[in-house]
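Listed below are the residues making up each chain.
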Amino acid sequence: SQYSAVDTNPLSVYIMQPIWNKIIKIVPLWIAPNLLTFSGFVMILFNYFLISFYDWDYTASGTSPGLVPTWVWLFSAFTTFCAYALDSIDGKHARRTQSSTPLGELFDHGLDSWATSIFVLSFFSVCSRDNGKTGVSVYTMYIYLSIVLFNFMCSHWEKYNTGVLFLPWGYDISQVVLIAAYLLTSAVGVEVWQKPLLLGYYITDILVILLIGFSLFLSFPQTLYNIHRAHLKKTLKNDSLYEGLLPLVSPLLLFVLLTVWVVLSPSNILAKQPRLFLWMVGVAFSNVICKVIICQMSSTRPELFHWFLFPLALVVYAAISGLLGWTEEAVLAVFTALVTAAHVHYGVCVGRQLSEHLNIYIFSLKKRVQE
């Protein structure tokens, strides 16, 4: 199916797009668009591991400010901007080099579905976890991450039903806010997040309120409205309500299972290993959404239950029933490693299949030689 996207965000249309149009002119024509997409993703990953190194358990900013060197926050602002720029110009570059392919679209959205959680997890290091005085509780982090992922899912569920990707306003705004937050932290230190800003509210509280407000009162209603409009115009891809709602089943079950684990964990797993648990949430979600994106691109029907829900259900049952006992953290670590490996393997396999099927290389504009 032909890719179509609509962007109505004034920030994007009037400020960012003109910047990207200037940047794109510097990119050499021999560079493959997927290379731009992938470079941005690698930068986000590298930055995430760098922050994790200084702040594994999300306490560095709260306990003794200055544990994370200033250059790390500056580097975070730099990598976030680069990733944002690369993600915004890859499609333009593909049209410039006449190399737009379904592989490129899938590559872009597939990596975005993973990057979304990594952005959020990196940002949590700025505000630090609750230590009784300042910070955000690990449960707030979990809810925050879930809402961001829910928003991402909505825009792709909408595309599955309407065939058009309405780029959420939240995307450009969140990237600019992230870059500003890192620059602010590097300029004045993490202390800025630990003093009330307005009426006894902290910056982090305000951001959480804004995020929830944006999602529930802007993003989600807009999604439903766009689907309703397509229904009236008779341009919906799926005739039945069942088919239209099908892609939501696995992500919602995933969220239910994870939440049950968070709430009923005997060892309070989220508080013990927030970094591992939230990373696993992001990877699992990305895999489920990639399936939806592929179904939407190939006009096929997604399966009712993503395979991943079965091993997860087993692990959650073993954890909350007390079967795992003191090994719960170790099991989470192994499970997280396996999920991550499975996701990377899945991405590599899909990429290879598509590159063979479309007779192109992933990271090069040269055509494959027909065997």
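Nothing here was measured: the structure is a model prediction, and the numbers come from that model.

Peer 1: Just checking my understanding: could you explain the overall build of the chain for this structure?
Peer 2: In terms of helices and strands, the chain carries 13 helices and two strands. Rg of the C-alpha trace for the chain: 21 Å, near the compact-globule value of 21 Å for 371 residues, within the 12% margin. Seen through its principal axes, the chain has C-alpha atoms that stretch 60 × 50 × 45 Å. By element, 70% of the accessible surface of the chain is carried by carbon and sulfur atoms, the whole surface being about 18100 Å². Looking at the chain, you have 21 positive and 20 negative side-chain charges, and the mean spots of the two groups are 8 Å apart.

Peer 1: I keep staring at the side chain of H93 and nothing clicks. Help me out?
Peer 2: One can find H93 in helix α4 (residues 70-96). Within the local environment of H93, its side chain forms a polar contact with the backbone oxygen of I31, the two atoms lying 2.7 Å apart. Apart from the residues within four sequence positions on either side, H93 is in contact with I24, V27, P28, L29, I31, A32, P33 and L36.

Peer 1: Is there a simple way to think about the nonpolar core in this case?
Peer 2: In summary, soluble globular proteins display a tendency toward joint burial of nonpolar side chains. Among the nonpolar cores identified, the biggest contains 98 residues, and F123, F124, Y144, L254, W261, F277 and L312 are the most heavily contacted of them. If we skip the residues at most four places from it in the chain, W261 touches I269, F277, M280, L312, V315, V316, A319, I320, E328 and L332.

Peer 1: Explain the UniProt feature "transmembrane region" (unreviewed entry) in the chain here, please?
Peer 2: Residues given the UniProt feature "transmembrane region" (unreviewed entry) here are residues 26-50, 70-86, 136-154, 199-220, 241-264, 276-294, 306-324 and 330-348. Between the C-alpha atoms that bound residues 199-220 the distance is 29 Å, and the span itself is 82% helix and 0% strand. As a span, residues 241-264 carries 100% helix and 0% strand, and end to end its C-alpha atoms are 33 Å apart.

Peer 1: Mind showing me how you'd approach the packing of aromatic side chains here?
Peer 2: Ring pairs (aromatic) are described by centroid distance and by the angle formed between their planes. Applying the stated criterion to the full structure yields 26 aromatic pairs. A ring pair is formed by W20 and F81, whose centres lie 6.0 Å apart and whose planes are at 40°; its orientation type is tilted. Residue W20 is located in helix α1 (residues 10-23), and its partner F81 is located in helix α4; the two are separated by 61 residues in the primary sequence. For W20, a relative accessible area of 0% translates into the label buried. Ring geometry for F308 against F335: centres 5.9 Å apart, planes inclined by 20°, an arrangement best described as stacked. Taken as a pair, F308 in the loop between α11 (274-298) and α12 (309-320) and F335 in helix α13 (residues 328-357) lie far apart in primary sequence, 27 residues in all. Looking at F308, the relative accessible area reads 4%, which means it is buried.

Peer 1: Is there a simple way to explain unusual backbone geometry in this structure?
Peer 2: One can expect most non-glycine residues to show negative phi and most peptide bonds to be in trans. The phi dihedral of Q98 is positive, around 50°, even though this residue is not glycine. Relative to the elements of secondary structure, Q98 occurs in the loop between α4 and α5 (102-127). Among the residues examined, Q98 registers a relative accessible area of 75% and is labelled exposed. Backbone geometry at K234 places phi at a positive 60°, although glycine is not the residue there. Tracing the chain through its elements places K234 in the loop between α8 (203-232) and α9 (241-264).

Peer 1: Just to check I follow, could you spell out α5 for this structure?
Peer 2: Because an α-helix completes one turn every 3.6 residues, residues spaced three or four positions apart along the sequence face the same direction. Over its 26 residues, α5 extends 38 Å from the first C-alpha to the last, a length consistent with the 38 Å expected when each residue adds 1.5 Å. When the local axis directions of α5 are compared, the greatest deviation, roughly 30°, occurs at S113. Positioned one or two residues after α5, S128 has a phi angle of 60°, which is positive.

Peer 1: Quick question: what am I supposed to make of the packing of helix α6 (residues 138-162) against α11 here?
Peer 2: A pair of packed helices can be characterised by two numbers: the angle between their axes and the separation between those axes. Where α6 contacts α11, the two axes come as close as 10 Å, and the packing angle between them is 5°. Considering their axes alone, α6 and α11 lie roughly parallel with respect to each other. When α6 is examined against α11, the residues V138, M141, Y142, L145, L149, F152, M153, H156, K159 and Y160 are found in contact with a partner set consisting of P274, F277, L278, V281, G282, F285, I289, V292, I293, C295 and Q296. A class-by-class count of the residues in the contact of α6 with α11 yields 17 nonpolar, three polar and one charged.

Peer 1: What exactly am I supposed to notice about the layout of surface pockets here?
Peer 2: If a probe the size of a water molecule is rolled over the atoms, the empty space left behind becomes visible. Considered as a void within the structure, the second largest pocket measures approximately 490 Å³ in volume. Taken together, 22 residues make up the lining of the second largest pocket; nearest its centre are F107, L111, V344, G347 and V348. Every element with two or more residues in the lining of the second largest pocket is listed here: α2 (33-54), α5, α11 and α13. Of the residues forming the lining of the second largest pocket, the biggest block, nine residues, is contributed by α13. Its residues placed into classes, the lining of the second largest pocket shows 16 nonpolar, five polar and one charged.

Definitions and cut-offs
- Residues numbered from 1 in each chain as written.
- Predicted model: local features only at pLDDT ≥ 70, side-chain atom pairs only at ≥ 80, totals over all residues.
- Heavy atoms only, no water.
- Helix = DSSP H or I, 4+ residues; strand = E, 2+ residues; numbered from the N terminus.
- Rg over C-alpha atoms; globule rule 2.2 N^0.38 Å.
- Areas by Shrake-Rupley, 256 points an atom, 1.4 Å probe, with all protein chains shown as cover.
- Lys, Arg positive; Asp, Glu negative; His and termini not counted.
- Charge placed at Lys NZ, Arg CZ, Asp CG, Glu CD.
- Polar contact = N/O pair within 3.5 Å; in protein donor to acceptor, adjacent residues only side chain to side chain.
- Contact = heavy atoms within 4.5 Å.
- Core = buried A, V, L, I, M, F, W, Y, C linked by side-chain atoms within 4.5 Å.
- Buried < 20%, exposed > 50% of the residue type's maximum accessible area, 1.4 Å probe, protein only.
- UniProt positions renumbered as here; feature names shortened; annotations may be inferred.
- Phe/Tyr/Trp six-rings, centres within 6.5 Å; stacked < 30°, edge-to-face > 60°.
- Expected span 1.5 Å × (residues − 1).
- Bend = angle between axes of the 7 residues up to and from the residue.
- Axes fitted to C-alpha atoms, helices over the stretch in contact; angles between N-to-C directions.
- Parallel < 35°, antiparallel > 145°, perpendicular 65-115°, else oblique.
- Nonpolar A, V, L, I, M, F, W, Y, C, P; charged D, E, K, R; others polar.
- 1 Å grid on protein atoms, 1.4 Å probe; cavity = no way out; pocket = protein on both sides within 12 Å on 5 of 7 lines; lining within 4 Å.
- Points joined across faces, edges and corners; volume = space filled by probe spheres on them.

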